[in-house]
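Residue strings, one per chain:
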Amino acid sequence: MVEQRKPIPVAEAVQRVIDKQVFSKTEKVHIEKALGRRLAEDLVATHAVPPFDRSPYDGFAVRSADTKKASRENPVDFNVTETIGAGAVQSMPVGAFEAARIMTGAMMPAECDAVVMLELTSEPEPGVMRLKRAFNKGDNISFKGEDAVEGTVLVEKGTLINPGTIALLATFGYEYITVAVKPVVGLLATGSELLEVGEPLEPGKIRNSNALMAAAQIERAGAEVKMLGKLSDDLEACYESVRKAMQEVDILITTGGVSVGDFDFLPEVYKRLEAEVLFNKVAMRPGSVTTVAHKDGQFLFGLSGNPSACYVGFELFTRPVIQQMLGNPKPHLPLEDAVLGADFTKPNPFTRFVRGTLAIRNGQLEASPSGFNKSSAVSSLAATNCLIVLPGGTRGFTAGDHVKVALLETAESSEMPW
Ligand SMILES: Nc1nc2c(c(=O)[nH]1)N[C@H]1C(S)=C(S)[C@@H](COP(=O)(O)OP(=O)(O)OC[C@H]3O[C@@H](n4cnc5c(N)ncnc54)[C@H](O)[C@@H]3O)O[C@H]1N2
Ligand code: MOO
Ligand SMILES: [Mg+2]
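Under an unreviewed UniProt entry, the name given to the protein is Molybdopterin molybdenumtransferase, and the organism recorded is Jeotgalibacillus malaysiensis. As recorded by UniProt, the Sequence similarities (unreviewed entry) comment attached to the protein reads in full: "Belongs to the MoeA family."

S.K.: For this particular structure, what's the right way to read the pattern of salt bridges?
M.R.: Where charged atoms of side chains with opposite charge meet at close range, the side chains can pair. As enumerated under the stated definition, the model contains 18 salt bridges in all. Measuring nitrogen to oxygen at the nearest pair gives 2.7 Å for the salt bridge that ties Lys404 to Asp337. Of this pair, Lys404 sits in strand β24 (residues 402-407) while Asp337 sits in strand β20 (residues 335-340), placing them 67 residues apart in sequence. Classification of Asp337 as partly exposed rests on a relative accessible area of 48%. Ionic pairing is found between Asp401 and Arg395, a salt bridge with its closest N-O pair at 3.6 Å. Classification of Asp401 by relative accessible area gives buried; the value is 18%. Owing to a relative accessible area of 53%, Arg395 belongs among the exposed residues under this scheme.

S.K.: Would you explain the sheet that holds strand β18 (residues 291-295) in this entry?
M.R.: Reading across from one edge, β14-β11-β15-β19-β18-β16 is the order of the six strands in this open sheet, with mixed pairing throughout. Each end of this open sheet is capped by a strand with a single partner; those strands are β14 (224-231) and β16 (276-279). Taking each pair of neighbouring strands and ignoring which way they run, the sheet shows an average axis angle of 20°. Here six bridges tie strand β11 (residues 184-190) to β14, and the two strands are oriented parallel to one another. Bridge pairing links Val185 to Val225 in β14. Together, β11, β15 (251-255), β16, β18 and β19 (298-303) form the strand contacts of helix α6 (residues 307-325), whose direction differs from that of β19 by roughly 165°.

S.K.: Help me understand the site of ligand 1, please; the structure alone is not making it clear to me.
M.R.: Taken together, the neighbourhood of ligand 1 is formed by 24 residues, with Glu193, Asn208, Gly257, Ser259 and Gly305 sitting nearest. Separating an oxygen atom of ligand 1 from a backbone N or O atom of Gly305 is a distance of 3.0 Å.

S.K.: Looking at this model, I keep getting lost on the environment of Lys330. Mind explaining?
M.R.: You can see Lys330 is positioned in the loop between α6 and β20. Look at Lys330 and you get partly exposed, because its relative accessible area is 37%. Sequence separation between Lys330 and Ala359 is 29 residues, and the spatial gap between their C-alpha atoms is 25 Å. Not counting residues up to four positions away in its chain, the partners in contact with Lys330 are Ser413, Ser414 and Glu415.

S.K.: Would you take a moment to explain the site of ligand 2 for this structure?
M.R.: Around ligand 2 lies a shell formed by Met284, Arg285, Pro286, Gly287, Ser288, Val289, Ala309 and Ser375. Arg285 has a polar side-chain atom sitting 2.6 Å from an oxygen atom of ligand 2. For the shell around ligand 2, a count of residues per class yields four nonpolar, three polar and one charged.

About the criteria used
- Residue indices begin from 1 for each chain and proceed along its sequence in written order.
- For this description, chains carry letters from A and ligands carry numbers from 1, given in the order in which they are written.
- This being a predicted model, a pLDDT of at least 70 is required before a residue's local features are given, and a value of 80 or more before pairs of side-chain atoms are given or counted; all residues contribute to the totals for chains, interfaces and linings.
- As a rule here, side-chain values cover all heavy atoms of the structure and leave hydrogens and water aside.
- UniProt positions are given in the numbering used here, feature names are shortened, and annotations may be inferred rather than shown by experiment.
- In the sections that follow, a salt bridge refers to a side-chain nitrogen of Lys or Arg positioned within 4 Å of a carboxyl oxygen of Asp or Glu.
- Starting at the N terminus, helices and strands are each numbered in turn, a helix being any DSSP run of H or I of at least four residues and a strand any DSSP run of E of at least two.
- The buried label goes to any residue with under 20% of its type's maximum accessible area, the exposed label to any with over 50%, and the partly exposed label to all in between, with areas taken from a 1.4 Å probe on protein chains only.
- Strand pairing follows a simple DSSP-based rule, namely that at least 2 bridges must link the two strands.
- Orientation is described by axes fitted as lines to C-alpha atoms, over the contacting stretch for helices, and by angles from 0 to 180 degrees between their N-to-C directions.
- Contacts: residue pairs with any heavy atoms within 4.5 Å of one another.
- Any residue with a heavy atom positioned within 4 Å of a molecule or strand is treated as near that molecule or strand.
- Counted as a polar contact is a pair of N or O atoms within 3.5 Å, where, for protein atoms, one must be capable of donating a hydrogen and the other of accepting one, and residues adjacent in sequence contribute only when both atoms are in side chains.
- Each residue receives one of three labels: charged for Asp, Glu, Lys and Arg, nonpolar for Ala, Val, Leu, Ile, Met, Phe, Trp, Tyr, Cys and Pro, and polar for the others, Gly being one of them.

Below, the structure written as structure tokens:
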């Protein structure tokens with residue numbers, strides 16, 4: 001008698017996964033290696049930015065009071081005390097009707113409260129600056145702290161480090177940064193039909209595309225991949241390999257062997273391991289047979305062998321766990337409103353996650369199915385940058401319908417969207 005599995009809704013399946021406690025570890029990395037990592041500590045302004053009042057122009061620092069009577073008819077002359085370049089500080093005071101030549105980024109002389117752009121001045125004789133208009137206190141000064149105030153949290157813990165974050169980290173002297181350790185995700189592909197990428201095709205066989213696809217998804221999700229090879233459909237070998245692999249990784253993904261076929265051994269492997277199976281049937285297409293098990297704090301993702309199902313199962317269930325382990329408080333794919341770009345007439349009782357391609361038309365997101373749509377499809381995956389979420393039911397969908405799309409190629413993420 002074939003086992004009857006009871007499908008659970010997607011939202012419930014995702015919830016069961018993220019309800020499990022995950023551990024997060026932190027490590028220090030050099031700033032040059034920090035891009036794409038997640039901050040494990042708040043980024044705090046350790047000093048004001050700018051750290052001192054400075055000139056935003058190449059020009060002259062003046063005491064504004066001395067300029068009050070300057071006009072086109074009545075120019076005022078200033079003796080130039082010295083030249084202050086960026087990085088230098090004044091070496092002498094600026095007295096009445098004196099000015100310091102100053103360059104962009106240089107620290108203001110203490111006595112001065114305005115800067116005059118070079119273009120507004122003339123030099124009637126060497127060492128003299130002539131001015132034909134008045135300036136107010138504070139004109140053309142970049143004030144200490146105008147950009148960031150000391151002590152402010154500028155980027156919160158859990159945020160992805162982008163080039164702008166790197167600029168801030170460098171500004172505040174964070175040479176080594178505390179980031180979340182990337183979880184190591186092991187990949188075991190099961191199936192006696194599988195060939196290596198470099199092998200020629202043989203009758204009945206196909207190349208193992210899932211492992212490399214999932215490896216790329218793991219990297220896109222910010223984790224570390226451990227390739228553990230492929231297994232033929234043999235229960236003992238599967239059990240031993242899974243058991244051993246669990247010692248070596250934080251999360252284990254297997255592909256294939258989770259359905260009800262004679263050679264689908266993962267259900268038996270979970271039983272032997274005495275792992276808790278969170279679910280083995282989800283009311284979704286593709287990926288309905290996705291199975292998630294949990295043993296001693298460790299996740300075992302039994303992704304489907306069918307490439308599109310494997311892809312979707314990873315994005316819905318594995319990605320959020322990785323994101324949680326990386327400290328992301330919003331571990332899920334972001335869900336947006338879009339308009340369907342083409343008909344999708346095939347109804348299904350289960351929620352569909354159609355692999356889709358996004359375009360922006362007149363400021364509106366438009367999502368079209370990216371190609372051949374079976375769970376076994378591989379050809380449509382390359383153009384996939386979103387999953388079009390079509391609720392289950394008896395009707396198909398037509399171009400122009402309003403749909404939700406889960407975005408795959410963005411640094412954004414969301415709280416529970418399902
Ligand atoms: N009687 C039933 N049959 C099936 C059911 C069912 O409920 N009752 N579910 C179907 C669904 S839905 C899916 S999805 C598949 C899932 O199968 P498995 O996860 O057990 O995967 P396999 O049987 O090992 O392989 C399925 C398919 O995928 C190909 N494959 C496997 N591994 C790879 C790989 N690494 N790279 C590329 N392609 C791979 C494999 O050759 C098969 O064609 O079961 C349905 N059947
Ligand atoms: O697990 Mo399947 O992908 O629903 O065809
Ligand atoms: Mg199978």
